[in-house]
Amino acid sequence: MIKKELAHIRKQFKLDNDLLNLFEILNVYIMKESNEIYHYERQPFALLDREKQELYMSNFKKLLTGELDQKLFELKFMDEAEDPSQVLLHQALVTGDSEEWHDLMILMVEKMLADTKYERDTVITFVRGQYFRPTKERNEEAEESGKDELFVNPFILCSVNSTEQQRNTLMFDYVEREFKYNVFVDPIIKLNAPEQGFFFPSVTDNYSDVNRIMYCAGKSNEPNPHFIEQVLNAEKSVTAQEERAIFEEIVKEVAGDQLDAATIAHVYEEIHQIIETNEEEEPPKLDYKDVAHLLTASGVDNVTAEKVERAFETVVDDKNYELKASSVIPKFTSKSIKIDTKVATISVSPQDLKYVKQVNYRGKRCILIEVDEDAVIEGFTLSTETL
């Protein structure tokens, strides 16, 4: 699955959308004390109150929001697993029997409860449906639009949401004209902040890929390894944060611990150029030869492919390891790089890092930033000193 396919899926989760059909929804309430199913409820999605439908749509879209390899992970199912979830989910995907789908989803819940202790009461929501995607772009000059021919993608979505107790409040009764202390005992289901979930199957070139599943983490770079391996029976994925750390260690092995800002900026520009000029459907990856080339092009001295190959073997124990280019570079056009000092924290984008230098001034290390305009602090324009 690539970014544009994911964006298309996420965009479909809105009411009154003729490119999306949600058939049934199943809610399962888990008690934290017993770690057992306390209650479940299944019903057609269309029969829910419109206000409830809006809440669920917002929850589903929130679950599918985030960057690939940071919050959303396309995972491959394990080849060998006892009672594999792939088989269970595929059976649930193709069945036309509501009772069978319900029973299969309860089996998924039981897998979630095994060897897991929930800290709060939790609601696990399953929904099954299908979305449509045009097989071609809309042609404004043609009489027919792309919607005349559609890919049909059935899916199952799961959202895991924790609960919290409402706060007791002081209220004013307009009718009785008196202040009342109101005690709430019903928990709130935190649909605005899903803990985790999944979307099955994944999609490749507009076709459903039942050998892969999209895992959705609650927080960026914090996937739940137990849920991935034991519940979904999928292979663990390396996060973008981990990939960036691997890349940094490889560069340090080759170039040393100290690099000037201009060189780092050149490295990021080279990677950004690789991403921008990529014409393949799959995101570009960097092997040791690619890393050697971009380091050389960035002005790093004494770089050879053999030296970078040894660095790969040292850091990841695999000279054929490939890094996702999008994972090893901070967001190129936003101020995604933080320069932390004792005095201040400076935010700068990778494309502007070349304007930053660390210099020695009167025996002290200083950060020098080239600017095009006067700096203004609290309404005061700083005077310019000549060094």
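Remember, it's a predicted structure, so these values are computed and weren't measured experimentally.

The rules behind each value
Residues numbered from 1 in each chain as written. Predicted model: local features only at pLDDT ≥ 70, side-chain atom pairs only at ≥ 80, totals over all residues. Heavy atoms only, no water. Core = buried A, V, L, I, M, F, W, Y, C linked by side-chain atoms within 4.5 Å. Buried < 20%, exposed > 50% of the residue type's maximum accessible area, 1.4 Å probe, protein only. Helix = DSSP H or I, 4+ residues; strand = E, 2+ residues; numbered from the N terminus. 1 Å grid on protein atoms, 1.4 Å probe; cavity = no way out; pocket = protein on both sides within 12 Å on 5 of 7 lines; lining within 4 Å. Points joined across faces, edges and corners; volume = space filled by probe spheres on them. Nonpolar A, V, L, I, M, F, W, Y, C, P; charged D, E, K, R; others polar. Patch = residues over 30% accessible without salt bridge, like charges linked within 9 Å, V, L, I, M, F, W, Y side chains within 5 Å. Areas by Shrake-Rupley, 256 points an atom, 1.4 Å probe, with all protein chains shown as cover. Salt bridge = Lys/Arg side-chain N within 4 Å of Asp/Glu carboxyl O. Lys, Arg positive; Asp, Glu negative; His and termini not counted. Charge placed at Lys NZ, Arg CZ, Asp CG, Glu CD.

1. Examining the nonpolar core
- The biggest cluster of nonpolar side chains holds 34 residues, and the ones touching the most others in it are Met105, Met112, Phe126 and Phe198.
- Residue contributions to this core peak at eight residues, all from helix α4 (residues 98-113).
- In terms of nonpolar packing, the next biggest core, distinct from the first, is built from 33 residues, Val251, Val291, Val308 and Phe332 among them.

2. Digging into empty space enclosed by the protein
- A complete count under the given rule lists one cavity of 30 Å³ or more for this structure.
- Around the largest cavity sit Glu5, His8, Ile9, Tyr131, Arg133, Asn153, Val203 and Asn206, which together line it.
- Elements with a contribution of two residues or more to the lining of the largest cavity: α1 (3-12) and β4 (122-134).
- In terms of residues, the lining of the largest cavity owes the most to one element, α1, which gives three residues.
- Considered class by class, the residues forming the lining of the largest cavity number three nonpolar, three polar and two charged.

3. Quick look at a negative patch on the surface
- A grouping of Asp205, Glu279, Glu280, Glu281 and Glu282 is seen on the molecular surface, where their side chains present a negatively charged patch.
- Looking at the secondary structure, you find aspartate 205 in the loop between β10 (202-204) and β11 (207-209).
- Residue class for aspartate 205 comes out partly exposed when judged on its relative accessible area of 44%.

4. Description of a nonpolar patch on the surface
- Taken together, the side chains of Leu170, Phe172, Tyr174, Val175, Phe179, Tyr181 and Val183 present a nonpolar region at the surface, about 920 Å² in accessible area.
- Residue assignment for the nonpolar patch shows that the elements contributing at least two residues are β6 (169-173) and β7 (178-182).
- Within the fold, leucine 170 resides in strand β6.
- Residue classification places leucine 170 among the exposed residues on the basis of a relative accessible area of 64%.

Function-wise, these values are silent; they only describe arrangement.
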